[in-house]
Structure formats: C-alpha cells, structure tokens
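Reading the structure
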Amino acid sequence: MKIIKQFPQIILIAIFLSSCRTSINKEFPINNLKKNINEKPNSEKKRMEIKFSCREDGISEYLDDGWNILKQDSQEKICTWKSVPATKDCNMEKDKGCKITKPDKIGEEKIYLLEK
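Residues numbered from 1 in each chain as written. Predicted model: local features only at pLDDT ≥ 70, side-chain atom pairs only at ≥ 80, totals over all residues. Heavy atoms only, no water.

1. Some words on the overall build of the protein chain
Note the threshold: A run of H or I in DSSP counts as a helix once it spans at least four residues, and a run of E counts as a strand once it spans at least two, with each numbered from the N terminus. Buried residues are those whose accessible area, probed at 1.4 Å on protein chains only, stays under 20% of the maximum for their type, while exposed residues exceed 50% and partly exposed ones sit between those limits. We call two residues in contact whenever any of their non-hydrogen atoms come within 4.5 Å of each other.
Along the protein chain, the regular secondary structure elements total 2 helices and 3 strands. Within the protein chain, the proportion of its 116 residues that are buried is 11%. Pairs at least 24 apart in sequence give 67% of the contacts found in the protein chain among residues at least 6 apart.

2. Structural notes on the state of the cysteines
Counted only if it meets this: By convention in this document, the label disulfide applies to cysteine sulfur atom pairs within 2.5 Å.
In total, this model carries 2 disulfides according to the counting rule given. A disulfide bridge connects Cys 54 with Cys 79, and the sulfur atoms are separated by 1.9 Å. The chirality of the disulfide connecting Cys 54 with Cys 79 is left-handed, given an S-S dihedral of about -105°. Residue Cys 54 is located in the loop between β1 (47-53) and α2 (59-64), and its partner Cys 79 is located in strand β2 (residues 68-85); the two are separated by 25 residues in the primary sequence. With a relative accessible area of 28%, Cys 79 lands in the partly exposed category. For Cys 90, the disulfide goes to Cys 98, at an S-S distance of 1.5 Å. For the disulfide bridge between Cys 90 and Cys 98, the dihedral angle about the S-S bond is near 70°, and by the sign convention the bridge is right-handed.

3. Re unusual backbone geometry
Although it is not a glycine, Cys 54 adopts a positive phi angle of roughly 55°. Look at Cys 54 and you get partly exposed, because its relative accessible area is 29%. Despite not being glycine, Arg 55 has its phi angle at roughly 65°, a positive value. As for its position among the elements, Arg 55 is in the loop between β1 and α2. Using a relative accessible area of 87% as the deciding quantity, one classes Arg 55 as exposed.

4. Quick look at the confidence of the model for the protein chain
Note the cut-off: Each residue carries a pLDDT score, the predictor's confidence in it, ranging from 0 to 100.
Per-residue pLDDT for the protein chain has a mean of 78; in total, 72% of the residues score no lower than 70. The element-level mean pLDDT for the protein chain is lowest in helix α1 (residues 2-27), coming to 64, with β2 highest at 92. Predicted confidence for residues 21-25 stays below pLDDT 50, and this span has 0 contacts to residues more than four positions away or in other chains. Ignoring residues within four places in sequence, the model shows residues 32-37, a span with pLDDT below 50, making 0 contacts including any to other chains.

Okay, structure coming up:
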C-alpha cells in the first residue's frame, strides 16, 4: 500500500532529474573540431548587405574600395509623407483627429549584396 502511495512521488522525482540532466547537456554543446581540408585559411571572404533609398546612391565608394556586387535588388519605397485634411471643412490645426497622413513621394530602395 505504501508503494502505491509513493509511486507518483517517484515518477515526479524521475521527471525532475531527467530534465535537469538534459539542460546540463545543452549548456555545454560538443563542438565539431574537424576542419575542411580544401579550405584555405587566407581566403576568407567578407559579405555585406547595404541599402540605398530615395535617390541616394553611394555604391561607387564600395566598388572603389574593392567590393564586388553579388546580387542587386530594388523595391518601391515611400520617401516622404504628407498630412491632408480628411474633409473639406476640417481644420487640422484645431482638430488633430481629422488629419490623414498619406504618401507624398515614392522612390526606389536598392539593396546590394557585396563581397570582398
């Protein structure tokens, strides 16, 4: 009878101990120390992603510095916003609730993936 009453306690203790053991294993992962034979230590390549938007373009500085363009992408982007009244008789100075913000100028955002 005592064993039946202690059975749930034994199960809870076993669950607690097994969860502690797995958390200890996660704290100290085993690192794979094998190195690739074909890998050259001096041939490390650096990669960088830069974005220019709304007629801004400074990619020539990076190209002059020795970076090469791997990938180029462009997206439409809102450059400026403007506030307009929601109705004809709306006073935006007195009633801030009738002000609507909408896009003013739409430009292009260029995204470059560079490698050196």
